[in-house]
Amino acid sequence: MNIIIGNNAAPLSTANGNIIIGQDAGERLTTAVSTVAIGHNALEYNQTGGNNTAIGYRAMWYTRSSWNVAIGTTALAGSNTTTLNTGQKNTAIGFEALKNNSSGSNNTAIGYQAGKSNPSGSANTICIGNGANVTASNMCRIGGDDNIKVGIGTSSPECALDVNGDIRIRAADGNASKKGIYFRHDPTNNTDDGSNFLSGGLYPYNCSIFTYDHSDSGFSGGLSINGYDGVSICTGSNTRNERVRVLENGEIKLQGTDGVSHIFHSTNQDWYRRSGK
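Definitions and cut-offs
Starting afresh in each chain, residues are numbered from 1 along the sequence in its written order. Local features are withheld for residues below a pLDDT of 70 in this predicted model, meaning they are given only at 70 or higher, and side-chain atom pairs are given and counted only at 80 or more; totals for whole chains, interfaces and linings count all residues. Heavy atoms throughout the structure, all of them, feed into the side-chain values; hydrogens and water do not. Stacked, tilted and edge-to-face are the three classes applied to pairs of Phe, Tyr and Trp rings, where Trp contributes its six-membered ring and a pair requires centres within 6.5 Å; stacked means planes under 30 degrees apart, edge-to-face means over 60, and tilted covers the rest. Helix and strand definitions follow DSSP, with helices as H or I runs of at least four residues and strands as E runs of at least two, each counted in order from the N terminus. Throughout this description, buried means an accessible area under 20% of the type-specific maximum (1.4 Å probe, protein chains only), exposed means over 50%, and partly exposed covers the range between. In this scheme, Lys NZ or Arg CZ marks a charge over a ring once it lies within 6 Å of the ring centre and within 35 degrees of the ring normal. Two strands are said to pair when DSSP picks up at least two bridges between them. Whenever a helix is involved, its axis is fitted only over the stretch in contact; in every case the axis is a line through C-alpha atoms, and angles between N-to-C directions fall within 0 to 180 degrees.

### With respect to the packing of aromatic side chains
So, point 1. Overall, the coordinates contain six aromatic pairs when judged by the stated rule.
So, point 2. Judged by centre distance (6.3 Å) and plane angle (65°), the ring pair of tyrosine 45 and tryptophan 61 falls under edge-to-face. Of this pair, tyrosine 45 sits in the loop between strand S3 (36-38) and strand S4 (53-55) while tryptophan 61 sits in the loop between S4 and strand S5 (69-71); the two residues are 16 residues apart in sequence, bridging distant segments of the chain.
So, point 3. On the accessibility criterion, tyrosine 45 (22% relative accessible area) is partly exposed.
So, point 4. In this structure tryptophan 61 comes out as buried when scored by relative accessible area, which is 16%.
So, point 5. Where phenylalanine 95 meets tyrosine 112, the ring centres are 5.3 Å apart and the plane angle is 10°; that geometry is what we call stacked. Of this pair, phenylalanine 95 sits in the loop between strand S6 (91-93) and strand S7 (108-110) while tyrosine 112 sits in the loop between S7 and strand S8 (126-128), placing them 17 residues apart in sequence.
So, point 6. For tyrosine 112, a relative accessible area of 43% gives the class partly exposed.
So, point 7. Taken together through their ring pairs, the aromatic side chains of Tyr45, Trp61 and Tyr62 make up a single cluster.
So, point 8. Arginine 58 extends its terminal NZ or CZ atom over the ring of tryptophan 61, reaching a point 3.8 Å from the ring centre.
So, point 9. Looking at lysine 89, its charged tip hangs above the ring of tryptophan 67, at a distance of 5.8 Å from the centre.

Dropping the structure here:
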């Protein structure tokens, strides 16, 4: 049984279990089943793709695949070259959410124009917020600008990510992996996506903290703290009182509270004090 209301709504449909409401809604539907199309031109070009829900003016307008949800004007509208619209299992909620997606599957976009600028074939993406978009598959973005603050366990986050509680990074493993935190990115190099400064890249040691297999046992049970021009350890409240610095050349500088500094140097693993004043 179907429910069809509207001028030229689903005139070709021969299947059951559909709800079609609105002018030209489901205009080309033939054998698609379990479909809901509510709104002018909603699901207009779909023919056989079933289990879709399209609510809004031209929601899923050109989409021809199955298992999608689109709520909002031109949400998940797809390409006007309808044969390209093969993406499945997408969810788009909001004005023009995932509007230009065609072959991408398993995407979720919630918000005004969320996912609209995603590559048309991107997959497994999550975009939440006004204008939130990503540049490739398997990415997640919350918020459409750089001022968004995400809180976990707090209703008043003070920075990009504010966690009230413990953080576990599952980095130590039996594959001698170098997993951890990488701080470096070169925004002046348009060809650099940041991967050069990650594990497996050209410069993973420039500015990072990650697990490391010091004993060559195959298990990354140690930590490597890396800095391009040195690493410091500081103490004190609300001030930077440097106590230890490992210099770029491998020397170690110790700074006492009395202002006296001592620099130690190693030769063939034997340490000696080079200076102190």
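### What about the sheet that holds strand S13 (residues 207-212)?
So, point 1. Sheet architecture is open: three strands sit in the order S12-S13-S14, paired in antiparallel fashion. In this open sheet, the two edge strands, each paired with only one partner strand, are strand S12 (180-182) and strand S14 (222-227). Shown here is a sheet whose adjacent strand axes are inclined to one another by a mean of 15°, direction ignored.
So, point 2. One ladder, built from six bridges, connects S13 with S14; its direction is antiparallel.

### Some points on unusual backbone geometry
So, point 1. One non-glycine residue, leucine 43, lies in the positive phi region at around 55°.
So, point 2. Residue position: leucine 43 is located in the loop between S3 and S4.
So, point 3. According to the relative accessible area criterion, leucine 43 is buried, its value standing at 0%.
So, point 4. A positive phi angle, close to 60°, is found at asparagine 51, a residue other than glycine.

### So, the environment of histidine 185
So, point 1. Tracing the sequence through the fold places histidine 185 in the loop between S12 and S13.
So, point 2. Sequence separation of histidine 185 and phenylalanine 197 is 12 residues, and the distance between their C-alpha atoms is 6.7 Å.

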